[in-house]
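Here is how the chains run, residue by residue.
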Amino acid sequence: PTSAQVSVAPHSGRFCYTLDNDVLSREQRQFYEDNGYLLIRNLVSEQDIERFRKEFTRICKREVKPPGVMIMKDESRKSQFGQSESVVNKVQDFQEDEELFRYCTLPEVLKYVECFTGPNIMAMHTMLINKLPDSDQQTFLHPMHQDLHYFPFRPASRIVCAWTAMERAHQDNGCLIVQPGTHRTALKPHGYPQWEGKTNKLFHGLLDEDEKIPKVHLVMEKGDTVFFHPLLIHGSGINRTSGFRKSISCHFASSECHYIDVKNTTQEHLEKELQEMVLKKYSATSVELKDIWNFRARLVQGERINL
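Residues numbered from 1 in each chain as written. Predicted model: local features only at pLDDT ≥ 70, side-chain atom pairs only at ≥ 80, totals over all residues. Heavy atoms only, no water.

Formally: UniProt positions are given in the numbering used here, feature names are shortened, and annotations may be inferred rather than shown by experiment.
If you check an unreviewed UniProt entry, the protein chain appears there as Phytanoyl-CoA dioxygenase, peroxisomal from Calcarius ornatus. In UniProt, the protein chain has this text filed under Pathway (unreviewed entry): "Lipid metabolism; fatty acid metabolism."

Here is the structure:
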């Protein structure tokens, strides 16, 4: 399995992307099959979201320093706002922060995750996004992309993202934008879009975006959670408001998934970029892509098998 290209293998039965259990209705399963995402309203409680928000603030102020966490900032705002949430646009890899990692273990979230991954569940990639006000520079516009571009493990159908709105997300503050049905396509080439001065490190996008495919803006209330396939083409707009738009997310995968070799595939240049970042951060001499993901990954349910 060394190719980054993905095609849908023939399955016995009608459903390819969900597993048999009594959680999803037939209509919900069919919607995910057809569209590649499923929105569950009011799934995460206000109390949990408030706890995640407080922990995010503590990390921004450096009151806590969880190992492995990557804090991404808008350096241009630092002189004005100092060390605060007004500067931090993302906290990534929070798997060692017990308070934020609670999100990945919430029974109400895992109940749905298991419909896509099966019972052996790994948390592979964790993020709390704080989309900053950005009406001029468009620094935090995330181009349309497929998450599988970042992942050196397969099969794609046993990976799912859970993305929870921590406050109301709408078009004005940069809600998620999806292209329904694109999860049934192959993994496409990604890179940095040709936007002068408007790209963040590792914010890769499709090199050839099909503008004819309809886009849906996912307007979500606090606690609403969307589950989506890693091949679904999606992105987010800019935040034109004066406030922040927070969300918390985790990419889950079945621990039965396997790592692939991305050399000579469309993902090879991403591997080099990620290795350079890790080597610089930890002053290491060499690191394998598989090792980076082993460090990020954490078992949340069942048995750890391959990942």
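1. Side note on the packing of aromatic side chains
Basically, it comes down to this: In summary, the pairing rule links any two rings of Phe, Tyr or Trp, Trp by its six-membered ring, whose centres are within 6.5 Å, and it sorts them by plane angle into stacked for under 30 degrees, edge-to-face for over 60 and tilted for everything else. The buried label goes to any residue with under 20% of its type's maximum accessible area, the exposed label to any with over 50%, and the partly exposed label to all in between, with areas taken from a 1.4 Å probe on protein chains only. Secondary structure counts use DSSP, requiring at least four H or I residues in a row for a helix and at least two E residues in a row for a strand, with both numbered from the N terminus. The rule for a charge over a ring is simple: NZ of Lys or CZ of Arg within 6 Å of the ring centre, and within 35 degrees of the ring normal.
All told, the structure shown has 9 aromatic pairs when counted by the stated rule. On the basis of an interplanar angle of 15° and a centroid distance of 5.2 Å, the ring pair of Phe151 and Phe153 is categorised as stacked. Here the two residues Phe151 and Phe153 agree in accessibility, since each one is buried. When the ring of Phe153 is compared with that of Trp293, the centres are 5.5 Å apart and the planes differ by 75°; the resulting orientation is edge-to-face. Of this pair, Phe153 sits in strand E6 (residues 153–154) while Trp293 sits in helix H7 (residues 289–296), placing them 140 residues apart in sequence. Trp293 carries the same exposure label as Phe153, and that label is buried. Stacked on the ring of Trp293, the Lys or Arg Arg296 has its end atom at 4.6 Å from the ring centre.

2. Re the pairing of strand E12 (residues 225–228)
We apply this condition: Two strands form a pair only when DSSP identifies at least two bridges running between them.
Burial of the side chains of E12 extends over both faces: Thr225 and Phe227 are buried on one face and Val226 and Phe228 on the other. As defined by bridge partners, strand E1 (residues 37–40) adjoins E12 across 4 bridges and the pair is classed as antiparallel. Within E12, the residue paired with Leu38 across the bridge is Phe227. Two elements, strand E7 (residues 159–165) and E12, share 4 bridges in a ladder whose sense is antiparallel. By the bridge assignment for E12, Cys161 is matched with Phe228.

3. Section: the pattern of salt bridges
Our working definition: The salt bridge definition used is simple: a Lys or Arg side-chain nitrogen within 4 Å of an Asp or Glu carboxyl oxygen.
Taken as a whole, this structure holds 15 salt bridges when the rule is applied. In this structure, the salt-bridge partner of Arg58 is Glu55, at a minimum N-O distance of 2.9 Å. Linking Arg58 with Glu55, this pair stays in helix H2 (residues 46–60), spanning 3 residues, or about one helical turn. Connected through salt bridges with shared partners, the residues Asp48, Arg51, Glu99 and Arg102 form a single ionic network.

4. Focus on the sheet that holds strand E5 (residues 142–145)
Ordered in space as E5-E13-E8-E11, the 4 strands form an open sheet in which the pairing is antiparallel. Edge strands, defined here as strands with exactly one partner in the open sheet, are E5 and strand E11 (216–217). Taken together, the 3 bridges between strand E8 (residues 176–178) and strand E13 (residues 234–236) define a ladder with antiparallel strand orientation. Within E13, the residue paired with Leu176 across the bridge is Ser236.

5. Concerning the packing of helix H6 (residues 268–282) against H7
Helices that pack against each other are described as a pair by the angle of their axes relative to one another and the distance between those axes. Definition in use: Note on method: axes are straight lines fitted to C-alpha atoms, helices fitted across the in-contact stretch only, with angles between N-to-C directions ranging 0 to 180 degrees. Here is the rule for handedness: rotate from the far helix to the near one, and if that takes an anticlockwise turn smaller than a right angle the crossing is left-handed, while a clockwise turn gives right-handed. When checking whether two residues touch, look at their non-hydrogen atoms; a contact exists if any pair is within 4.5 Å. Asp, Glu, Lys and Arg are counted as charged, while Ala, Val, Leu, Ile, Met, Phe, Trp, Tyr, Cys and Pro are counted as nonpolar; the rest, among them Gly, fall into the polar class.
Running from amino to carboxyl end, H6 crosses H7 at an angle of 65°, the nearest separation of the two axes being 10 Å. Note that H6 runs across H7; the crossing there is left-handed. Two secondary-structure elements touch here, H6 through Glu271, Leu274, Gln275, Val278 and Tyr282 and H7 through Leu289, Ile292, Trp293, Phe295 and Arg296. Each residue belonging to the contact of H6 with H7 can be placed in one class, and the counts come to 7 nonpolar, 1 polar and 2 charged.

6. Some thoughts on the confidence of the model for the protein chain
Convention followed: pLDDT gives the predictor's per-residue confidence on a scale running from 0 to 100.
On average, the protein chain scores 87 in pLDDT, and the residues at 70 or more come to 86%. Confidence over residues 1–12 falls short of pLDDT 50; this stretch has 26 contacts with residues more than four positions distant or in other chains.

7. Some words on the nonpolar core
Stated formally: Residue types Ala, Val, Leu, Ile, Met, Phe, Trp, Tyr and Cys, when buried and joined through side-chain atoms within 4.5 Å, form a set referred to as a nonpolar core.
In this structure, Tyr103, Cys104, Val109, Phe227 and Phe252 are the most contacted members of the largest nonpolar core, which totals 40 residues. Where this core is concerned, the elements lending two or more residues are E1, H2, strand E3 (88–92), helix H4 (98–105), helix H5 (107–117), strand E4 (121–131), E7 and strand E14 (245–254). The element best represented in this core is H5, accounting for 6 residues. Counting residues in hydrophobic clusters, the runner-up holds 24 residues, among them Ala156, Leu187, Val278 and Leu289.

8. Description of the side chain of Thr18
Tracing the backbone shows Thr18 in the segment before helix H1 (26–35). Of the residues examined, Thr18 reaches a relative accessible area of 4% and is grouped as buried. Setting aside anything within four residues of it in sequence, one finds Thr18 in contact with Leu24, Arg29, Tyr32, Glu33, Cys115, Phe116 and Arg158.

9. Re unusual backbone geometry
The omega torsion across Arg154 and Pro155 is 5°, close enough to zero to call that bond cis. Along the chain, Pro155 falls in the loop between E6 and E7. One non-glycine residue, Arg62, adopts positive backbone phi at about 60°. With respect to the helices and strands, the residue Arg62 is situated in the loop between H2 and strand E2 (70–73). The class for Arg62 is partly exposed, based on a relative accessible area of 45%. The backbone of Asn264 sits at a positive phi, close to 65°, despite the residue not being glycine.

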